[in-house]
Amino acid sequence: MHALLLTHGTRGDVQPFLALALALGAAGHTATVVGPQSYAPLASGYGVPYRPVDDGPNALMDDPGMKGVMETGLRGLRGAAHTAALLREITPRLRQVYADMAAAVDPGADVVVHIPGMPGGHIAEHLGVPAVPVALQPSWVPTRAFPAPGVPWPERAPGALNPLTYRLAALALRGQRRVAEELRLDLGLAPRPGRHDPLLRPDGAHATVLHAFSRHVMPADARYPAWVRTTGFWATPADLGWEPPAELEEFLSAGEPPVFVGFSSLPTADPATTGRVVTAAVRRVGTRAIVAAGHGGIDATDLGDDVLVIDRAPHERLFPRCSVIVHHAGAGTTGAAAAAGRPQVVCPFWGDQPFWAERAHRAGAAPAPLNGRRLTEHALAQALTDALTDPGIAARAAELGRRVRTEDGVGTATQILEEAVR
């Protein structure tokens with residue numbers, strides 16, 4: 001079996017597909033990942049065949065309109081207006097991404113695996129093979145249990161209205177229809193009902209949908225239909241060849257496990273202020289910390305012996321050696337923190353992050369979420385104190401870790417793809 005894997009966005013949107021490609025290879029199959037040019041070196045490091053798309057480092061995510069995300073978090077009426085404007089602004093860049101993905105098509109592919117925002121269904125239809133959409137967050141298949149993550153919606157709206165939010169999530173793809181129609185014309189595809197619904201096959205039946213996250217962090221009453229398969233988080237194998245730099249290893253070994261603080265590739269609105277808040281809160285609590293600067297999300301200065309700043313390190317290797325994990329609640333980082341079995345402090349900014357933050361809290365592995373865009377020294381210090389001293393949080397985090405580690409997300413996904421192709 002040869003799989004064509006289509007994705008775009010941040011590292012959290014790309015790395016799960018690299019993990020799936022590695023699992024497919026281990027099972028005797030082949031896979032090619034098509035994604036942003038900026039993550040080609042990451043794929044190369046894992047030895048995954050990768051075809052870069054778009055005409056810049058990350059043409060969609062680097063659009064100037066994305067800066068407004070830090071101001072609104074895409075929440076409320078202002079966030080909804082910003083979302084609509086952003087979709088209009090990125091249309092020319094999206095056209096380039098779609099064209100590049102179509103050009104990267106491998107005629108020998110047996111299945112196309114894709115995130116809903118990419119033209120996987122159209123390309124699979126052109127090739128005459130199954131398309132399998134992947135949800136990295138539960139924003140596509142309706143449920144009454146919760147509103148669609150990332151959709152601006154009143155927090156106290158009746159649960160009976162929750163299914164409507166998934167229609168709003170689907171509306172986000174309407175802005176891509178013109179670009180998709182252009183692509184279908186180029187591919188020689190005739191119009192048909194439901195052609196823009198990534199959850200439907202060309203024959204009108206439901207496609208198999210892969211939920212690339214753990215059922216152990218989801219509400220028990222989600223009640224998804226049989227065509228939705230929740231596999232567990234898609235994590236790359238632990239980098240056993242990675243050794244901590246001497247400075248990091250010395251810091252880890254110098255005392256009690258430190259707190260980890262990092263917001264991944266997410267740029268905060270004011271990195272310098274975020275850095276001051278983090279270091280002040282850590283010192284107020286009286287603990288040590290490792291701060292991952294990432295892509296400028298945290299600018300930590302005025303450091304002493306109790307705070308070490310690093311660029312990044314493999315989460316699966318570093319998190320188990322930390323006492324508490326402070327993060328932005330992206331899906332991938334939430335999965336890594338859960339698997340580590342450590343207490344968390346979650347500071348969501350936008351999109352689906354508030355959902356994952358709430359799920360970590362509901363699982364008992366974290367205090368109540370903080371607002372990442374309005375983080376204060378007092379609030380962060382209090383949350384750190386709770387996470388460090390509450391034995392209940394520690395016990396529930398450890399139990400969640402045991403459950404998440406029993407799942408083989410990419411292994412299960414590989415078996416499902418084999419079934420789909422058969």
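Residues numbered from 1 in each chain as written. Predicted model: local features only at pLDDT ≥ 70, side-chain atom pairs only at ≥ 80, totals over all residues. Heavy atoms only, no water.

Colleague: Please give an account of the overall build of the chain that cites residues and values.
Modeller: Within the chain one finds 16 helices and 12 strands. Counting across all 422 residues of the chain, residues that qualify as buried make up 52%. Long-range contacts, defined as pairs at least 24 residues apart, comprise 62% of the intrachain contacts of the chain with a sequence gap of at least 6. For the chain, the accessible surface area stands at approximately 18300 Å², while carbon and sulfur atoms represent 53% of it. (Helix = DSSP H or I, 4+ residues; strand = E, 2+ residues; numbered from the N terminus. Buried < 20%, exposed > 50% of the residue type's maximum accessible area, 1.4 Å probe, protein only. Contact = heavy atoms within 4.5 Å. Areas by Shrake-Rupley, 256 points an atom, 1.4 Å probe, with all protein chains shown as cover.)

Colleague: Which residues make up the sheet that holds strand S1 (residues 2-6), and what values do they have?
Modeller: Pairing within the open sheet is parallel, and its seven strands lie in the order S3-S2-S1-S4-S5-S6-S7. For this open sheet the edge positions go to strand S3 (50-53) and strand S7 (228-230), each flanked by a neighbour on one side alone. Neighbour to neighbour, the strand axes of the sheet diverge by 20 degrees on average, direction disregarded. Here helix H1 (residues 11-26) sits on the sheet in contact with S1, strand S2 (30-36), S3, strand S4 (111-114) and strand S5 (131-135), set at roughly 170 degrees to S2. (Pairing = 2+ DSSP bridges. Axes fitted to C-alpha atoms, helices over the stretch in contact; angles between N-to-C directions.)

Colleague: Kindly report on the packing of aromatic side chains, identifying the contributing residues and their values.
Modeller: Evaluated as defined, the whole model comprises seven aromatic pairs. On the numbers, 5.1 Å between centres and 75 degrees between planes, the contact of Phe 355 with Trp 356 is edge-to-face. Accessibility classification places Phe 355 together with Trp 356 in one group, the buried group. Cluster of aromatic residues (ring-pair linked, three or more members): Phe 146, Phe 213, Phe 233, Phe 355 and Trp 356. (Phe/Tyr/Trp six-rings, centres within 6.5 Å; stacked < 30°, edge-to-face > 60°.)

Colleague: Could you give me a rundown of the packing of helix H6 (residues 120-127) against helix H8 (residues 177-187), with the residues and numbers involved?
Modeller: Relative to each other, H6 and H8 sit at 15 degrees, their axes nearing to 10 Å. Relative to H8, the element H6 is oriented roughly parallel. Considering the relative orientation of H6 and H8, their crossing is right-handed. Facing H6, whose interface residues are His 122, Ile 123, Glu 125 and His 126, H8 presents Ala 180, Leu 183, Arg 184 and Leu 187. Of the residues contributing to the contact of H6 with H8, the split by class is four nonpolar, two polar and two charged. (Parallel < 35°, antiparallel > 145°, perpendicular 65-115°, else oblique. Left-handed = near helix turned anticlockwise from the far one by under 90°. Nonpolar A, V, L, I, M, F, W, Y, C, P; charged D, E, K, R; others polar.)

Colleague: An account of the sheet that holds strand S12 (residues 344-346) is requested, with residue identities and associated values reported.
Modeller: Judged by pairing direction, the sheet is parallel, and its five strands sit side by side in the order S10-S9-S8-S11-S12 without closing on themselves. Whereas interior strands pair on both sides, the edge strands pair on one side only; in this sheet they are strand S10 (307-310) and S12. Strand-to-strand twist across the sheet, computed as the mean angle between neighbouring axes with direction ignored, equals 15 degrees. In this sheet, S10 lies alongside strand S9 (residues 289-292) in parallel orientation, the contact comprising four bridges. Paired with Ala 292 across the strands is Ile 310, a residue of S10. Each of strand S8 (259-262), S9 and S10 is contacted by helix H10 (residues 271-285), which is oriented at about 145 degrees to S10, the strand it contacts most. Each of strand S11 (325-327) and S12 is contacted by helix H12 (residues 331-340), which is oriented at about 170 degrees to S11, the strand it contacts most.

Colleague: Any details on the nonpolar core? Residues and values, ideally.
Modeller: Ranked by internal contacts, the top residues of the largest apolar core, which has 52 residues, are Leu 5 and Leu 20. Examining the composition of this core, we find that eight residues originate from one element, H1, more than from any other. Every residue in contact with Leu 5, bar those within four places of it in the chain, is listed here: Phe 17, Leu 20, Ala 21, Ala 31, Thr 32, Val 33, Val 34 and Val 113. Ranked by size, the runner-up nonpolar core spans 31 residues in total, among them Ala 135, Phe 355, Ala 360 and Ala 397. (Core = buried A, V, L, I, M, F, W, Y, C linked by side-chain atoms within 4.5 Å.)

Colleague: Give me the lowdown on the pairing of S8, citing residues and values where you can.
Modeller: Alternating residues of S8 divide into Val 259 and Val 261 and Phe 260 and Gly 262, and every residue in both groups is buried. As paired elements, S8 and S9 share four bridges and run parallel to each other. Bridge pairing in S9 places Val 259 opposite Ala 289. Judged from the two bridges that link them, S8 and S11 form a sheet pairing that is parallel. Within the sheet, the bridge partner assigned to Val 261 lies in S11 and is Val 326.

Colleague: Requested: an account of the environment of Gly 194, with residues and values cited.
Modeller: Tracing the sequence through the fold places Gly 194 in the loop between H8 and strand S6 (209-211). Overall, the relative accessible area of 32% leaves Gly 194 in the partly exposed class. As for Gly 194 and Gly 204, which are separated by 10 residues in sequence, their C-alpha atoms are 7.1 Å apart.

Colleague: Explain the packing of helix H5 (residues 91-103) against H8 to me, using residue names and the numbers behind them.
Modeller: Two numbers describe how H5 lies on H8: the axes approach to 10 Å, and their chain directions differ by 30 degrees. The angle between H5 and H8 places the two elements in the roughly parallel class. Considering the relative orientation of H5 and H8, their crossing is right-handed. Of the residues in H8, those in contact with Thr 91, Leu 94, Arg 95, Tyr 98 and Ala 102 of H5 are Arg 178, Val 179, Ala 180, Glu 182, Leu 183 and Leu 187.

Colleague: So what's going on with the pairing of S3? Residues and values would help.
Modeller: Both S2 and S3 contribute to a ladder of four bridges, which runs parallel. Looking at the pairing, Pro 36 lines up with Val 53 of S3. Chirality of the crossover, the property in question, places the unit of S2, helix H2 (residues 40-46) and S3 among those that are right-handed. (Right-handed = clockwise from strand over helix to strand, strands pointing away.)

Colleague: Tell me about the environment of Asp 221, and name the residues and values.
Modeller: Mapped onto the elements of the fold, Asp 221 is located in the loop between S6 and S7. Leaving out residues up to four positions away in the same chain, Asp 221 has contacts with Thr 143 and Ala 145.

Note that every value here comes from positions in space, so none of it alone points to a role or purpose.
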